[in-house]
Amino acid sequence: MPATSSTFRTQVLVVGSGAAGLTAAIAAARNGAETLLIESAGFLGGISATLPWLGFHDRDYRLIVKGLPWEFCRRLQELDAASRHELDPKCASAISIDSHWWKILLMQLMREAGVRLLLHTQVVDTIREGDRIAAVIVENKSGRQLIEAGVTIDCSGDGDVAARGHVAWAKGRTGDGLVQAPTLVFKLAGVNRAAFVAGCKNPEINYREWIAPYPELRAKMMRRLDRMEVIICGGYAKLIEEARAAGEFDVPQTRIVGVKLHQPDQFLVVMTRVLGLDPTNTASVTDAYMRVYEQIPVLVQFFKKWVPGFEESHLGEIAPMLGVRESRRIMGDTVLTAEDLIAGRVFDDAVSMGAYHIDIHRPAGTWVDSHNVRAYTIPLRTLIAREVDGLLMAGKCLSASHEAVASTRVIPICMGQGQAVGTVAALAVKRGVGVRDVPIGELQDTLAAQGAEFGRTVGAPDERAIDEVGQLPFNEPPTTGDKDTVSAAEGAWVPARTKP
């Protein structure tokens with residue numbers, strides 16, 4: 001074992017403070033476990049502090065993610081730091097947050113729960129004793145430390161604890177191993193909201209491809225646009241084609257993807273894009289950062305010249321980290337599949353829920369590959385690492401297929417997973433048993449008492465919302481963009497890298 005300068009002992013250790021890790025830590029501490037959260041950055045929240053939160057509801061507009069995520073929304077709204085929930089026929093719902101107030105609130109929440117924090121701290125190794133994950137080794141400005149834990153929860157997003165502990169994992173899609181395209185998001189400020197909304201109403205621009213083929217659905221959206229606080233965009237293909245033909249657009253993307261935020265003059269751009277990323281290889285990640293930063297000036301100028309409402313816009317803020325949609329997926333006691341999601345499967349050991357559409361940002365193309373789903377449950381078995389004790393996981397490294405992760409990866413669904421693993425970890429350490437030995441009924445009752453949803457209280461479809469907002473057909477026609485001309489260009493790809 002490498003020499004360490006000090007040793008910590010905690011009942012529950014959470015690695016990573018993204019959407020899953022932050023709820024795991026709070027849930028574990030609120031349920032009475034001594035909890036330590038380590039984070040490599042200098043702030044909490046990860047990607048949840050850079051994006052709107054999509055996917056609290058299902059296509060019947062029922063609230064299916066509750067518990068801690070719903071509490072966070074209310075706390076932000078009380079601070080006037082978040083919009084109301086805006087229902088949407090494709091993404092079900094969205095809430096726009098003030099990212100900086102969220103980071104402030106998170107520090108308060110951790111202090112209230114009694115979570116200990118170690119920031120600017122990186123996991124460098126995992127200590128495995130036989131079939132048990134017993135500890136991790138971390139490094140920071142204070143040197144190298146050993147952290148022993150009764151239960152470790154890997155919410156690193158990359159499955160770092162599992163990989164270093166020789167736990168089975170998978171990455172990318174079957175066949176070529178490519179992961180979903182990553183994005184570095186940024187905000188534009190100075191947007192003229194009235195002109196932007198007028199552009200959305202222009203059918204020639206086609207700001208939202210999902211609804212354009214359905215006149216009744218589009219009419220309902222047009223009636224709501226003026227009063228909507230959050231407007232999701234996925235279209236404008238014609239404008240991009242014209243800009244590309246004029247030699248003013250060389251980003252490997254064919255649609256505007258973004259969200260009009262609740263702040264009147266702000267728009268979040270979700271369009272930077274590279275293919276071929278290996279998120280577990282530092283050289284590959286570095287190349288990706290270099291390429292997406294080169295794309296931002298092109299996109300800023302494109303919006304100013306070509307998109308209604310952005311004539312006076314300017315670069316407001318760049319997210320502090322690349323949005324990696326897919327990395328290592330830790331293999332658990334079972335694997336969640338796309339078929340489970342599409343069928344809306346209910347598992348006996350359900351501990352959380354999801355209903356966001358399968359939203360694959362194509363690994364070898366542009367735009368997205370989308371499949372609608374029914375409200376589904378996430379079983380505890382997908383959150384327990386296979387063939388080892390003492391290791392749980394949540395977030396985008398749960399045990400799921402490449403396709404299923406394209407739904408379960410969104411922020412509210414990750415938060416729900418985090419609450420589940422934090423709760424079962426606390427129950428296990430307090431009883432002195434393994435996480436598999438916690439009775440599932442007791443875990444579910446505890447989660448239900450704390451407001452979490454796993455299928456018990458979903459209720460009937462919201463007919464009023466269905467009538468007002470409308471629904472897309474469950475089986476929509478496929479979108480185009482796999483292996484297209486734009487994504488085939490050399491500049492769309494990060495060079496293949498070997499480990500340095």
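Residues numbered from 1 in each chain as written. Predicted model: local features only at pLDDT ≥ 70, side-chain atom pairs only at ≥ 80, totals over all residues. Heavy atoms only, no water.

Novice: Got a minute to help me understand a nonpolar patch on the surface in this structure?
Specialist: A cluster of nonpolar side chains, Leu79, Trp101 and Ile104, forms an exposed patch at the surface whose accessible area comes to about 270 Å². Checked against the element boundaries, Ile104 lands in helix α3 (residues 99-113). Taking relative accessible area as the criterion, Ile104 reaches 42% and is therefore assigned partly exposed. (Patch = residues over 30% accessible without salt bridge, like charges linked within 9 Å, V, L, I, M, F, W, Y side chains within 5 Å. Areas by Shrake-Rupley, 256 points an atom, 1.4 Å probe, with all protein chains shown as cover. Salt bridge = Lys/Arg side-chain N within 4 Å of Asp/Glu carboxyl O. Helix = DSSP H or I, 4+ residues; strand = E, 2+ residues; numbered from the N terminus. Buried < 20%, exposed > 50% of the residue type's maximum accessible area, 1.4 Å probe, protein only.)

Novice: Mind showing me how you'd approach the pattern of salt bridges here?
Specialist: When charged atoms on two side chains of opposite charge get close, those side chains can pair. Going through the model one piece at a time under the given rule, you end up with 32 salt bridges. A salt bridge links Lys238 to Glu204, with the shortest nitrogen-to-oxygen separation between them at 3.7 Å. With a gap of 34 residues between them, Lys238 in helix α7 (residues 237-245) and Glu204 in the loop between α5 (193-201) and α6 (215-224) connect regions that are remote in the sequence. Take Glu204: its relative accessible area is 53%, and that puts it in the exposed class. Residues Arg431 and Glu442 are paired through a salt bridge, measuring 2.5 Å at the closest nitrogen-oxygen approach. One end of the pair, Arg431, is in helix α11 (residues 411-431); the other, Glu442, is in helix α12 (residues 440-449), with 11 residues separating them in the sequence. Residues joined in a network through salt bridges with shared partners are Arg30, Glu71, Arg75 and Glu112.

Novice: Help me understand the side chain of Lys260, please; the structure alone is not making it clear to me.
Specialist: Its place among the elements puts Lys260 in strand β13 (residues 256-260). Buried and unpaired, Lys260 has Asp265 as its nearest opposite-charge partner, separated by 6.4 Å. Among all residues touching Lys260, those that are not within four sequence positions of it are Arg193, Phe196, Glu229, Val230, Ile231, Asp265, Gln266 and Phe267. (Lys, Arg positive; Asp, Glu negative; His and termini not counted. Contact = heavy atoms within 4.5 Å.)

Novice: Honestly, helix α8 (residues 282-306) in this entry has me stumped. Any pointers?
Specialist: Since the α-helix advances by 3.6 residues per turn, residues separated by three or four positions end up pointing in the same direction. Helix length check: α8, at 25 residues, gives a terminal C-alpha distance of 36 Å against a target of 36 Å (1.5 Å per residue), a fit within 8%. When we look at burial in α8, the residues that qualify are Ser284, Val285, Asp287, Ala288, Val292, Gln295, Ile296, Leu299, Val300, Phe302 and Phe303. At its buried positions, α8 is contacted by β11 (186-189), α7, β13, β14 (267-269) and β15 (314-318). Taking the backbone nitrogen of Ala283 as reference, a side-chain oxygen 3.0 Å away marks Asn281 as the first, capping residue of α8. (Expected span 1.5 Å × (residues − 1). Polar contact = N/O pair within 3.5 Å; in protein donor to acceptor, adjacent residues only side chain to side chain.)

Novice: I'm lost on the pairing of strand β7 (residues 122-129) in this one. Help?
Specialist: As paired elements, β7 and strand β8 (residues 132-140) share seven bridges and run antiparallel to each other. Considered in β8, the bridge of Asp125 is made with Ile137. Once β7 ends, the chain turns through two residues before running back antiparallel as β8, passing Gly130 with a positive phi of about 65 degrees. (Pairing = 2+ DSSP bridges.)

Novice: Sorry if this is basic, but what is going on with the environment of His262 here?
Specialist: Here His262 is to be found in the loop between β13 and β14. Not counting the four nearest positions on each side in its chain, His262 is found in contact with Ala81, Ala82, Ser83, Ser96, Ile97, Asp98 and Glu229. One polar contact links His262 to Ser96, side chain to side chain, over a distance of 2.6 Å. In this structure the side chain of His262 is engaged in a polar contact, spanning 3.3 Å, whose partner is the side chain of Gln263.

Novice: Before we go on, may I ask you to explain the packing of α11 against α12 in this structure?
Specialist: How two helices pack is summed up by the angle between their axes together with the distance between the axes. At a closest axis distance of 10 Å, the pairing of α11 and α12 adopts a crossing angle of 125 degrees. Between α11 and α12, the angle is such that the two are oblique. Here α11 runs over α12; the crossing is right-handed. On the side of α11, the interface is formed by Gln419, Ala420, Thr423, Val424, Leu427 and Arg431, while α12 contributes Glu442, Leu443, Thr446 and Leu447. Across the contact of α11 with α12, the residue classes break down as five nonpolar, three polar and two charged. (Axes fitted to C-alpha atoms, helices over the stretch in contact; angles between N-to-C directions. Parallel < 35°, antiparallel > 145°, perpendicular 65-115°, else oblique. Left-handed = near helix turned anticlockwise from the far one by under 90°. Nonpolar A, V, L, I, M, F, W, Y, C, P; charged D, E, K, R; others polar.)

Novice: Sorry, what's going on with the nonpolar core here?
Specialist: Nonpolar side chains tend toward joint burial in soluble globular proteins. Trp53, Trp102, Ile153, Phe196, Tyr207, Tyr236 and Phe303 are the most contacted members of the largest nonpolar core, which totals 143 residues. Of the residues forming this core, the biggest block, 12 residues, is contributed by α11. Excluding residues within four positions of it along the chain, Trp53 makes contact with Ser48, Phe72, Cys73, Leu76, Ser93, Ala94, Ile95, Ile97, Trp102, Ile411, Pro412 and Met415. (Core = buried A, V, L, I, M, F, W, Y, C linked by side-chain atoms within 4.5 Å.)

Geometric values such as these leave the question of function open.
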